[in-house]
Amino acid sequence: MALDKPILCLGILVADVVGRPVRAVPDPGRLVLVEEMALHTGGCALNAATALARLGLPVEVIGKVGADPFGDFLLRAMVERGIGTQGVKRDPEIGTSATMVMVAPDGERRFVHYIGANARLRLDDVDRALIAGASILHVAGALVLPGLDGQPMATLLHTARAMGVITFLDTVWDDTGRWMDLLRPSLPYVDYFVPNLAEAQALTGREDPEDVARALLDCGVGTVGLKMGSAGCLVLSNCGLRWRLPAFEVPVVDATGAGDAFAAGFIAGVWLGWPLEQTARLANAVGALCVTGAGASGNVRSLPETLAFMASSPPKL
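Residues numbered from 1 in each chain as written. Predicted model: local features only at pLDDT ≥ 70, side-chain atom pairs only at ≥ 80, totals over all residues. Heavy atoms only, no water.

A. Region of interest: the sheet that holds strand β7 (residues 109-114). Across the sheet, four strands lie side by side as β3-β2-β6-β7; this open sheet has mixed pairing. Where the open sheet ends on each side, the last strands, each with one partner, are β3 (36-42) and β7. Averaged over neighbouring strand pairs, the angle between their axes works out to 20° when direction is ignored. Strand direction decides the pairing type here: strand β6 (residues 98-103) and β7, joined by six bridges, are antiparallel. Bridge pairing links Thr99 to His113 in β7. Its contacts with the sheet place helix α2 (residues 69-80) against β2 (14-20), β3 and β6, and it is angled at close to 70° to β3. (Pairing = 2+ DSSP bridges. Helix = DSSP H or I, 4+ residues; strand = E, 2+ residues; numbered from the N terminus. Axes fitted to C-alpha atoms, helices over the stretch in contact; angles between N-to-C directions. Contact = heavy atoms within 4.5 Å.)

Here you go:
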């Protein structure tokens, strides 16, 4: 891997208004109190980019925001974190995507989402020169990118692969139920697919994690890193490698962004040229640290701090 080439995170960019802890969803016309409410950056692409920047890796974002205060907030945050923004477009005709995140006392979340400018990110918005100069392209938020989902995304991933760029893909829950109809054209051009178990089950129609992962490999994916929350992860590759790795034991403050942090850890391991098992352990560790802090960026730390955490915190048995 050429360590001088940046990683690209392409996909959804979201302003998250996070309230915690939400002990009950209010009845109509009623109010519930929370102890904390704050504005955070969110969206799969920005979450993963933030985690990669904290790990110390060079990263750029490709996406779209509105010409509004939420868009200003997201761009300012990216610049402050050292994330490249030359691939971010601004659309004056629509608002920046935003989510109300209600965090329960146990860290689980409920979301109210406005898709906004993310819906208008199209293939023509993607700078081919940025892709050509990258080491890895991570498409984050497939299935809620209507301007790219389907054949345009397959074209994008095929183009990246033809340029010698390693491709990653992550999904979100598809409330429309189209699932594999949208995603199947892209999978033969995906080197690493890192969905969560529930999404992957919906995609494949299988239940057992092993069956789920093998079904995705059969669709042409190179390696599947299946995120299973407190159960850790399952990694299968088309060359016969297999690992089922336990999660790290940590106190959960907020699970927002944990899956994106896992993806960032996996990307980091590949970018660093690590073996697949070590890469998956790093992904578990980055995801675990994320949930120990509030917001989508959580408590992700630098690579040396993450490695120290891995050395001092044995995984669950």
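Back to the text.
B. Structural view of the packing of helix α6 (residues 197-204) against helix α7 (residues 209-218). At a minimum axis separation of 9 Å, α6 and α7 run at an interaxial angle of 60°. The orientation of α6 with respect to α7, classified from their angle, is oblique. By crossing handedness, the relation of α6 to α7 is classed as left-handed. Judged by residue contacts, Leu197, Ala200, Gln201 and Thr204 of α6 engage Pro209, Val212, Ala215 and Leu216 from α7. (Parallel < 35°, antiparallel > 145°, perpendicular 65-115°, else oblique. Left-handed = near helix turned anticlockwise from the far one by under 90°.)

C. The state of the cysteines, seen in detail. Under the counting rule described, the total for this entry stands at zero disulfides. As a non-bridged cysteine, Cys9 has Cys44 as the owner of its nearest cysteine sulfur, 10 Å distant. We classify Cys44 as buried; its relative accessible area is 7%. (Disulfide = S-S within 2.5 Å. Buried < 20%, exposed > 50% of the residue type's maximum accessible area, 1.4 Å probe, protein only.)

D. The arrangement of the pairing of β6 in detail. Two strands pair when backbone bridges link them, and β2 and β6 are joined in this way by five bridges, in the parallel orientation. Within the sheet, the bridge partner assigned to Gly19 lies in β6 and is Met102.

E. Quick look at the pattern of salt bridges. Throughout the structure, instances matching the rule amount to 11 salt bridges. With a shortest N-O distance of 3.1 Å, Lys64 and Asp125 are connected by a salt bridge. Here the residue Lys64 occupies a position in strand β4 (residues 59-66), and Asp125 occupies one in the loop between β7 and α3 (128-132), the gap between them amounting to 61 residues. Asp125 sits in the buried class, given a relative accessible area of 15%. Within the structure, one salt-bridge network assembled from shared partners comprises Asp91, Glu93 and Arg120. (Salt bridge = Lys/Arg side-chain N within 4 Å of Asp/Glu carboxyl O.)

F. Region of interest: the packing of helix α1 (residues 44-55) against helix α8 (residues 258-271). The contact between α1 and α8 brings their axes to 8 Å, and the two run at 50°. It follows that α1 is oblique to α8 by the angle criterion. Here α1 and α8 pass one another in a crossing that is right-handed. Mapping the contact onto sequence places Cys44, Asn47, Ala48, Ala51, Leu52 and Leu55 in α1 and Asp260, Ala261, Ala264, Ile267 and Ala268 in α8. A per-class count over the contact of α1 with α8 returns nine nonpolar, one polar and one charged. (Nonpolar A, V, L, I, M, F, W, Y, C, P; charged D, E, K, R; others polar.)

G. Focus on unusual backbone geometry. Between Arg20 and Pro21 the backbone carries a cis peptide bond, its omega angle lying at -15°. Position of Pro21 among the secondary structure elements: in the loop between β2 and β3. Its identity as a non-glycine residue notwithstanding, Leu143 has a phi of 90°, on the positive side. By relative accessible area, Leu143 is classed as buried at 4%.

These values are about where atoms sit, not about what they do.
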